[in-house]
Every structure is written in C-alpha cells, then in structure tokens.
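# Overview (structure and organization)
Letter by letter, the chains look like this.
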Amino acid sequence: MEKEKEFAKDLIEFIHRSPSAFHASKNIEEILVKEGFKKLELQEKWNLEKEGKYYTLKNNSAIIAFEIGKGEIEEDGFKLIGAHTDAPTFKIKPNPEIDVEKKYLKLNTEVYGGPILNTWFDRPLSIAGRVNIKSENLFKPKEMLIDMEKAIMIIPNLAIHMNREINKGVEINPQKDTLPLVSNINDKFEKEGFLLKKLAEKLNIQVEEILDFELFLYGLEKGSLVGLNEEFISVGKLDDLAMVHAGLKGLIDSELGKATKLLVCFDNEEVGSGTKQGAASPMLRTVLERIAIGMEKDREDYYRALSKSFLISADQAHALHPNNLDEQDPTNRPVINGGPAIKSAANQAYTTDSFSSAFYESICKSIDVPVQKFVNRSDKRGGSTIGPISSSQLDIASVDIGNPILAMHSIRELGGVLDHYYVYKTFKEFYRL
Ligand SMILES: [Zn+2]
C-alpha cells in the first residue's frame, strides 16, 4: 500500500496549502505551470494549438485546465472532470471586531455552506482568503492572497457544568455561539480596525490601502493518516479538494488521446453554485465554446463536440457509518476503501443514468478498480452537487461519482487511502481513452 499512502500524503499536503478556494486555485495553477500549461486571459484572444496545454482562472477561485486532443473536437469531443474548490467554513464580516466587557476581543462571522458546527469548537483556527487594495486603476483594485498561518483564534465550548444537556444535542446559534475569540484586551488596546491592522502588517502594506477582503476561517491542524494500517485519511476539505487533487493528477499523468481533456474546478458549490465562478454560471460553457473558436471551428462543430462529450462530476459520497448502520440505504452500502461510488437518485439530484453509470463502471472494471453504488435512503433528502447544476447549462452526458467518506462537512472528514488512489486511476484511464 506504499504508493497509495504516498499519494494520500501528497493530498494532505495539497489540502494544507489550500486554506481557501483562492489558495486552492493558486496551488492548482502552480502545479499546472510546472507541467507546461500556459495561462489564457479571459479578455484576450485565444489562439490554440493541437496538443497545447492551457488553463484559465475565474475570480481567482475557480480554474479550468485543458489539453487539446490529437483528434478533431467535432469528432472526438471533450472529456471533462468537474469538482469544486470551496468547503464549508465561516466568513468574516465587515467591521468584525466585538469587545466583550473590555476584556476580550472576538470577531463577527457568518456561516459559509453547511459545516458541522460543533466540530469547529476548541480547535486552533486561522484565517485565509484575499485582500483587495488600492491601485492606479479604480476599476481594478489589486488583489493579494493572505494566510495568517498561525493559530490566532479559537471557538471555545461552554463547560459541561454550565451546559448539562450538551451531550443530548444542543442547538448552536451561529450569531452567538460560534464567534471566535481572538485576544485579551488591555487599556492600550485599540479595538477599532484591529483586523485591518493585522492584515496590513502581514502583507507589509498600509492600512489605508486596504479596500475590502474575503476572509475565511480554517482549522490549522494538519491532516494525517489514521487506522491500524494507516488506511484512513483524516483531514478537512476532502469534499471536494480530494477530487480536485485526483482530477489534476489524472489530467497531468494521462496520455493524450484524440479527445480534448478538461478539468473544471468550480467555486461556491457549498452555497448553491449561483455565482459567476459557480457551476450554475455560463463559465464552463463559454470556455468550451472558446476552445472551439480558438481551434477555428464553427458553431455546428461546437455542438457536435458537445454531443460527443462526457462529464464525470466528482464530489464525495457517504460511507456506511460504523455506529449508525440504519442511516444507509438497506441494499447499497458503500464502505471506505471499497472503491469509488456511483451516485444516483430518482429525483435526478445526481446526473447519473444507466448509460453513464455503465460507462464509468466499465472504466473501473477494465483497470481492476472496485466500484460501489450510492443512493439515499428513500426517506432522506440527501445532497446535490455540480453535476445536475452544470447539466442545466450544458447538454453533455454525465455521471456523478465520489469516494465514500465519513463525517462529511466536519472540520476533519474521514476518507480511504485506497479509494483516493483508485479514483485517480479511473480519472487517468478516462482521460486516456
Ligand atoms: Zn462537495
């Protein structure tokens, strides 16, 4: 299991360097550049070449990478893998400083997506995101990434002696119970603009230069392998940076065939995808059409290319929970390290149909990767993902898959070392075909 463990450790490093969607996109970009991918600016004309490797960023939080195939797009289509860069967390509000009886400083935050709130208590936390600062051009404030890197805050639990019911399930109010404690206050402490001052210090700029920021909390503790045989991966953001990582490695490591290979990493999946960099936007559709134009194809060629294309929508699935056996569907019970799961739902919350499922399953079988099926219990609503949302924008055959994990949306989720390698192998094979 050595190579699988190495690959899982590489994922843990990747996640550690990706404390926000902006940082994840930056990391992906750095890896792509090392592999010879060239950056395309959205505002410039694209002249593309066969076998050329390119990428483009949207909002610096979403990224699309592609390699033009050896064939013709209208004959050989696009091979797409989709995943997302964002994860549930807390976002810092404007003017966030709150003083508590002139003794403590805490910050005002709001919830981003659907975190399991109680997993955020009593953990060393830090802040990462972007800061926009003044520039010569009013239309284009400059942008700087920031990662405070240190344990600068914590959300303390209330002692059990003051909260006797805590182990029976207590409601957590996000305006009251989850505001992080940052500091003691003394007589000389200036609460006003505290955060801006810290940001300016870290970025080596003047406070007055800062116009705005998008900052998110993250758990500072690094992920690790756990289990008697180190068969599990314990780390936050497996949903969905594990799929981003496997997709990226699959893209880079696969041989180039006739089809054009793409990896699309959307942002804002956890808040409904309805942003310009989300799956419900024309972002992907526009890039595909621009690839066609850049290859001097016409609109008819573009639509022919779509009809020959396939999307793997890659987001995580739920594994059988060892202490909660009844929560899983009675006949489809994927487990960790049993292989990737094909996700389907009668209400089409997943895009999978029997055709697309059969295609993915045959990829798995052809390279000896075990495959499982995931469906929700009939009395549970379950989640959705980028697959069905992209389908509303783009007419492409698609399957929803993911690795079965536990504790989805916890600050530390639990996945499988073997599964992560399995899914990478299927992506590499999909791109190669
Ligand atoms: Zn997800």
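Above this text you will find the structure in question.
Below: a short report on this structure. (Residues numbered from 1 in each chain as written. Predicted model: local features only at pLDDT ≥ 70, side-chain atom pairs only at ≥ 80, totals over all residues. Heavy atoms only, no water.)

Read from one edge to the other, the open sheet built from nine strands follows the order 1-2-3-13-4-14-18-16-17, with strand pairing classed as mixed. Strands with a single pairing partner mark the edges of an open sheet, and in this sheet they are strand 1 (38–39) and strand 17 (372–374). Two strands pair when backbone bridges link them, and strand 16 (residues 341–343) and strand 18 (residues 397–402) are joined in this way by three bridges, in the antiparallel orientation. Residue pairing in the sheet places K343 in a bridge with D400 of strand 18. (Pairing = 2+ DSSP bridges. Helix = DSSP H or I, 4+ residues; strand = E, 2+ residues; numbered from the N terminus.)

Another aspect to go through is helix 5 (residues 238–253). Between its first and last C-alpha atoms helix 5 spans 21 Å; for 16 residues at 1.5 Å apiece the expected length is 22 Å, and the two agree. Among the 16 residues that make up helix 5, 15 are buried, leaving the element largely enclosed by the rest of the structure. (Expected span 1.5 Å × (residues − 1). Buried < 20%, exposed > 50% of the residue type's maximum accessible area, 1.4 Å probe, protein only.)

Now for the coordination of the zinc ion. Protein-derived ligands of the zinc ion are H84 (NE2), D239 (OD), D315 (OD) and D315 (OD), with the metal-ligand distances lying across 1.9 to 2.6 Å. Considering all four donor atoms around the zinc ion, the spread of angles at the metal, 53 to 141°, places the coordination shape in the irregular class. For the zinc ion, the donor residues sit on a single chain with the sequence spacing H-x154-D-x75-D. Taken as a pair, H84 in strand 4 (residues 78–84) and D239 in helix 5 lie far apart in primary sequence, 155 residues in all. (Donors = N, O, S within 2.8 Å, 3.2 Å for Na, K, Ca; no water. Tetrahedral: all angles 85-135°; square planar, octahedral: opposite > 155°, others 65-115°.)

To continue, consider the sheet that holds strand 12 (residues 232–235). As summarised here, the arrangement of the three strands in space is 11-12-20, forming an open sheet in which the pairing is antiparallel. Edge positions in the sheet fall to strand 11 (224–226) and strand 20 (413–416), since each has one partner strand and no second. Mean inter-strand twist for the sheet, computed between neighbouring axes without regard to direction, equals 35°. In this sheet, strand 12 lies alongside strand 11 in antiparallel orientation, the contact comprising three bridges. By the bridge assignment, L225 is partnered in strand 12 with I233. Of the strands in this sheet, strand 12 and strand 20 are in contact with helix 5, which crosses strand 20 at around 35°. Most of the contacts of helix 10 (residues 417–432) go to strand 20, to which it runs at about 65°, and overall it touches strand 11, strand 12 and strand 20. (Axes fitted to C-alpha atoms, helices over the stretch in contact; angles between N-to-C directions. Contact = heavy atoms within 4.5 Å.)

Glancing now at the packing of helix 6 (residues 283–294) against helix 7 (residues 299–307). It is at 9 Å that the axes of helix 6 and helix 7 come closest, and there the two elements cross at 125°. Considering the angle they form, helix 6 stands oblique to helix 7. The two elements helix 6 and helix 7 meet at a crossing, and its hand is right-handed. Residue-level contacts link R285, L288, E289 and A292 of helix 6 to R299, Y302 and L306 of helix 7. Its residues assigned to classes, the contact of helix 6 with helix 7 shows four nonpolar, no polar and three charged. (Parallel < 35°, antiparallel > 145°, perpendicular 65-115°, else oblique. Left-handed = near helix turned anticlockwise from the far one by under 90°. Nonpolar A, V, L, I, M, F, W, Y, C, P; charged D, E, K, R; others polar.)

What follows deals with the packing of helix 2 (residues 21–34) against helix 5. Where helix 2 meets helix 5, the closest approach of the two axes is 11 Å, and the angle between their N-to-C directions is 15°. As judged from the angle between their axes, helix 2 and helix 5 are roughly parallel. Here helix 2 and helix 5 pass one another in a crossing that is right-handed. For the pair formed by helix 2 and helix 5, the contact residues are A24, I28, I31 and L32 on the first element and L241, V244, L248, L251 and I252 on the second.

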